[in-house]
Every structure is written in C-alpha cells, then in structure tokens.
Amino acid sequence: MSSRFGEEGRKLSYGSYLKVPELLQLQQGLSGEHDELLFIVAHQAYELWFKVVLDELEATRDRIDADDIFFARHHLRRVYVIEKLLVEQIEVLETMSPQDFLAFRANLAPASGFQSVQFREIEFLSGLKEPKYLARLEATPEEVERLQRRLHEPSVADAFHALVARRGSPSLLDIFHDRQRFGDLFDLCEALLDHDETFAHWRARHVLMVERQIGSKQGTGGSSGAQYLRSTLGKRFFPELWEVRSQL
Ligand code: HEM
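Within each chain, residue numbers correspond to sequence positions counted from 1 in written order. At least 70 in pLDDT is required for a residue's local features to be given in this predicted model, at least 80 for side-chain atom pairs to be given and counted, and no such filter applies to totals for whole chains, interfaces and linings, which use all residues. As a rule here, side-chain values cover all heavy atoms of the structure and leave hydrogens and water aside.

Focus on the site of the ligand
The test is simple: For each residue, the test is whether any non-hydrogen atom lies within 4 Å of the molecule or strand; if one does, the residue is near. Each polar contact in these results corresponds to two N or O atoms within 3.5 Å; when the atoms are within protein, one needs to be able to donate a hydrogen and the other to accept it, and residues that are neighboring in sequence are counted only if both atoms are side-chain atoms. A run of H or I in DSSP becomes a helix once it reaches four residues, and a run of E becomes a strand once it reaches two; helices and strands are each numbered from the N terminus. Residues are grouped as follows: Ala, Val, Leu, Ile, Met, Phe, Trp, Tyr, Cys and Pro are nonpolar; Asp, Glu, Lys and Arg are charged; all remaining types, including Gly, are polar.
Around the ligand sit 28 residues, and of these S112, R120, H206, S223 and Y228 come closest. Between a nitrogen atom of the ligand and a side-chain N or O atom of H206, the distance comes to 3.0 Å. Contact distances for the ligand include 2.7 Å between an oxygen atom and a side-chain N or O atom of S223. Within the residue set of the shell around the ligand, elements represented by two or more residues are helix 3 (36-65), helix 7 (117-126), helix 12 (179-214) and helix 13 (226-230). Ranked by residues supplied to the shell around the ligand, first place goes to helix 12 with seven residues. When grouped by side-chain class, the residues that make up the shell around the ligand number 14 nonpolar, twelve polar and two charged.

This is how it looks when you write it as structure tokens:
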C-alpha cells in the first residue's frame, strides 16, 4: 500500500520523494573550473532522459507485440518529443567557449560519451545492433549484462516485422499504397520514422557542436573525433522505412 510517509517515518516532501538532496550530491567536478558544472549536469540530464526513452521504447515494443498500435504510437510520440528536447539541449553546451572547455577537458580523458551504455541500449532496442560496441565499452559487469540482454532480446524493429507478418505479410509498398486497408500500420511506420529521424538529428547536431568545441581534434575516447562522428550520420534504425520512399 502506498504511504505518505518516507522511509524514516517522516511525512513525504518534494525533496524526500524526488531524492533532491541525493541528486544534488552527484555533480562532483574534477577541476574547479566554472563550466564543468554545466558540462556534468548536461550529461546527467541526457542519461536521465535516456532512461525514460528506454522505458518508452520497451513499452512500444510490448504494445506492438500485443497488436495494440494505438498505445504503441502513444509511447512513440513521447519518445519523439523527448528526443526533440535532447536535440535542443545541445545548444546549452554551446554557450561554453572552446577555451573554457579546454580548461578542464584533459581532466576527463579517457572518459567519453562514446561509453554511454544507455545510448547503445537505445540503438540496440530500436533495432540497430552492433555487437562491436560491447567489446569497446568501459562498463560495469551489470552494464555489460544489460547490454548483452538488449543485443539478444527482440528490438522494436523485430516487433514491427512480426506484427506485419501477423497481418498477412503485406510489403511496405502495399502498406503505403493501400492506406484504406493498412492505415494503422502506415501510421505506425510514420511514428517509427519520427523516432529514427529525430535520433539522426541528434547525431548531426552533436557533431556540429563537437566541431565548434574541439574542431578536428581527437576525442577524449580516443577516436578521430568529428571525423568518426561524421561516419555515424548514415545510421538508421529502420532503413527499409527510408528505402520504401524511393519505390513509391
Ligand atoms: C563539449 C561537449 C561534447 C564534446 C566536445 C563531445 C565530443 C565527442 C567526441 C569527440 C566523440 C567521439 C568519441 C571520442 O573519441 O570521444 C563523442 C561521442 C559521443 N558523445 Fe559527445 N561530446 C560532447 C557532449 C556530449 C553530450 C552532452 C552527450 C550526451 C549524452 C554526448 C554523447 C555522446 C555519445 C553517445 C557519443 C558516441 C556516439 C557514437 O558512437 O555514435 N556527447 N562525443
């Protein structure tokens, strides 16, 4: 039964329910430089939203499995709106001058966004499964286990393909041409594409910010930096939903 009292028997408050004191303890910079707080909070905010995106993508997959397209789209809509926020949020980091970033950048090497486990989980759960990232990850055993699970469990793309099979295996062209009959599947395709396209926006936006901050320098994670990131811009969760457009 839910209680209005916290663990210590005290009445719940804003701070105790949301664990605000604990949350505000989690920004421990290494340099004492002014902009490091912004840098840490921006990344932590991303990880918190990644957590919600993963939860919503799981719900999407489960609703598709249950042939419940209405609620699958409901969850995908939330994913899309959060991702738009994540694209916008990059601008906050662009208020940091490259000189001010350089003042603490060396302190955080070899840490890098490249090691974000939840980012890879979102890729895997959506349908973009690249096992090579598992080998290159600096992660706890619990995180490795989570990522392994994502690699082997059905993705949103798998759930979509299974749904189409249950509906008699129409081709994507059939779905796009006969909206009278397949309107709900078509709407789902477009909602999946919204997720895919917004994630691609994030990649493009991130690499521009990286060029603005560090130009063509190597990344703290050891990659070629912007050059590596540019090589990821063509990644798609649902390539067939993009390809079908050329066949219409
Ligand atoms: C000053 C800000 C930032 C800079 C200069 C920067 C730079 C870079 C660089 C150079 C890489 C390539 C890997 C490496 O060698 O390190 C990278 C990858 C990555 N960064 Fe950032 N980043 C910044 C902010 C962020 C933020 C706020 C996030 C949000 C979580 C983020 C997430 C990622 C992810 C997920 C990758 C891996 C991308 C992939 O492999 O496709 N970065 N970043």
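Things to note about the packing of aromatic side chains
The line we're drawing: Only centres within 6.5 Å qualify two rings of Phe, Tyr or Trp (six-membered ring in Trp) as a pair; their planes then separate them into stacked at under 30 degrees, edge-to-face at over 60, and tilted for everything else. Between buried and exposed lies partly exposed: a residue is buried under 20% and exposed over 50% of the maximum accessible area for its type, with that area taken using a 1.4 Å probe on protein chains only. Cation placement over rings: the criterion is NZ of Lys or CZ of Arg within 6 Å of the ring centroid and within 35° of the ring normal.
According to the stated counting rule, one finds 14 aromatic pairs in the structure shown. With a centroid separation of 5.1 Å and an interplanar angle of 50°, the aromatic rings of F199 and F237 are classed as tilted. Pair noted here: F199 is in helix 12 and F237 is in the loop between helix 13 and helix 14 (239-247), with a separation of 38 residues, a long-range link. By relative accessible area, which is 5% here, F199 ends up buried. Exposure remark for F237: the relative accessible area of 3% places this residue in the buried category. Its guanidinium or amino end placed over the ring of F114, R120 lies 5.3 Å from that ring's centre, counting from NZ or CZ. The ring of F186 has R179 sitting right over it, with the charged end atom 5.3 Å from the ring centre.

A closer look at the nonpolar core
Note on soluble globular proteins: their nonpolar side chains tend to be buried together. Here is the rule we go by: In plain words, nonpolar cores are sets of buried Ala, Val, Leu, Ile, Met, Phe, Trp, Tyr and Cys residues tied together by side-chain atoms within 4.5 Å. In this description, contact between two residues means that some pair of their heavy atoms is separated by no more than 4.5 Å.
Grouped together as the largest cluster of nonpolar side chains are 57 residues, with contacts concentrated most on L57, I175, L188 and L192. Here this core gets 14 residues from one element, more than from any other, and that element is helix 12. Leaving out residues up to four positions away in the same chain, L57 has contacts with L76, V79, I122, L125, S126, V156 and H195. Counting six residues, the second largest nonpolar core, distinct from the first, contains V117, L134, L137 and L147.

Description of the packing of helix 3 against helix 7
Filter applied, for reference: As a rule, the C-alpha atoms of each element are fitted with a line to give its axis, helices using only the stretch in contact, and angles between N-to-C directions run from 0 to 180 degrees. An angle below 35 degrees is treated as roughly parallel, one above 145 as roughly antiparallel, one from 65 to 115 as roughly perpendicular, and anything else as oblique. Here a crossing is called left-handed whenever its near helix is offset anticlockwise from the far helix by less than a right angle, and right-handed whenever the offset is clockwise.
Where helix 3 meets helix 7, the closest approach of the two axes is 9 Å, and the angle between their N-to-C directions is 15°. By the criterion of interaxial angle, the relationship of helix 3 to helix 7 is roughly parallel. Considering only the axes of helix 3 and helix 7, their crossing is left-handed. For the pair helix 3 and helix 7, the contacting residues are E47, F50, K51, V53, L54, L57, E58 and R61 in the first and Q118, F119, E121, I122, L125 and S126 in the second. For the contact of helix 3 with helix 7, the residue count by class is seven nonpolar, two polar and five charged.

Regarding the coordination of the iron atom of the ligand
Our working definition: Nitrogen, oxygen and sulfur within 2.8 Å of a metal are treated as its donors, or within 3.2 Å for sodium, potassium and calcium (Na, K, Ca); water is not counted, so a site can appear incomplete.
If you check the protein contacts of the iron atom of the ligand, you find one donor only, H206 (NE2), at 2.2 Å. As for its placement among the helices and strands, H206 is situated in helix 12.

Details of the pattern of salt bridges
As a reminder, the rule being used: The term salt bridge refers to a side-chain nitrogen of Lys or Arg lying within 4 Å of a carboxyl oxygen of Asp or Glu.
Under the defined criterion, the tally for this structure stands at 20 salt bridges. Residue R120 is joined to E123 by a salt bridge in which the shortest nitrogen-to-oxygen separation is 3.0 Å. With R120 and E123 both in helix 7 and three residues apart, this pair spans about one turn of that helix. For the pair formed by R120 and E123, the shared burial category is buried. Note that R167 is salt-bridged to D184, the shortest N-O span being 3.0 Å.

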